[in-house]
Amino acid sequence: MGSSTDPYYGAPVVVLVLADGGASTFVEDGSCVLENMMLAALGLVTVWMHREREIFDSEKGKALLREWKLPETLRGVGAVALGYPAQEASQPAARKQNYIVRI
């Protein structure tokens, strides 16, 4: 995509989510898959990547689908990069007062 950097932060595992572009809810369905994978990855660090639609709609992306013997009708929804944390996470900032309003 015109960059020499690693968009997946050197993660040892990247899971691509592709969906049938003919389905009217392919983005929503694929997004649920991505979120559920992130929730299930207990103890791992996860990052949702959001360039896969652009990648797999391009000619290079279509060529990858052909190489992988997948239908070219698949559309990229996103990817999850998975790995172990390099260090312990710091404590989150205190919640803002009255940030959540209960009705």
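Residues numbered from 1 in each chain as written. Predicted model: local features only at pLDDT ≥ 70, side-chain atom pairs only at ≥ 80, totals over all residues. Heavy atoms only, no water.

**Let's talk about the overall build of the protein**
Part 1 of the reasoning: From N to C terminus, the protein includes three helices and three strands.
Part 2 of the reasoning: Along the protein, helices and strands appear, N-terminal first, in the series β-α-β-α-α-β.
Part 3 of the reasoning: Relative to the globule expectation of 13 Å for 103 residues, the C-alpha radius of gyration of the protein, 17 Å, shows a markedly less compact shape.
Part 4 of the reasoning: If you line up the protein on its principal axes, its C-alpha atoms span 50 × 40 × 25 Å.
Part 5 of the reasoning: Counting the 103 residues in the protein, one finds 22% classified as buried.
Part 6 of the reasoning: Within the protein, contacts between residues at least 6 apart in sequence are counted, and of these 74% link residues at least 24 apart. (Helix = DSSP H or I, 4+ residues; strand = E, 2+ residues; numbered from the N terminus. Rg over C-alpha atoms; globule rule 2.2 N^0.38 Å. Buried < 20%, exposed > 50% of the residue type's maximum accessible area, 1.4 Å probe, protein only. Contact = heavy atoms within 4.5 Å.)

**A word on the packing of aromatic side chains**
Any aromatic ring pair is given by two values, namely how distant the centres are and how the planes are angled relative to each other.
Part 1 of the reasoning: According to the stated counting rule, one finds one aromatic pair in the structure shown.
Part 2 of the reasoning: Judged by centre distance (6.0 Å) and plane angle (45 degrees), the ring pair of F56 and W68 falls under tilted. A residue pair is termed long-range when its members are at least 10 positions apart, and F56 in helix α2 (residues 52-57) and W68 in the loop between α3 (59-67) and β3 (74-83) qualify at 12 residues. (Phe/Tyr/Trp six-rings, centres within 6.5 Å; stacked < 30°, edge-to-face > 60°.)

**Some words on the pattern of salt bridges**
Part 1 of the reasoning: Applying the stated criterion across every chain, the model contains four salt bridges.
Part 2 of the reasoning: Between R51 and E54 there is a salt bridge; the shortest N-O distance is 3.1 Å.
Part 3 of the reasoning: For R51, a relative accessible area of 38% gives the class partly exposed.
Part 4 of the reasoning: Residue class for E54 comes out partly exposed when judged on its relative accessible area of 45%.
Part 5 of the reasoning: For the salt bridge of R75 with D57, the shortest nitrogen-to-oxygen distance reads 2.8 Å. (Salt bridge = Lys/Arg side-chain N within 4 Å of Asp/Glu carboxyl O.)

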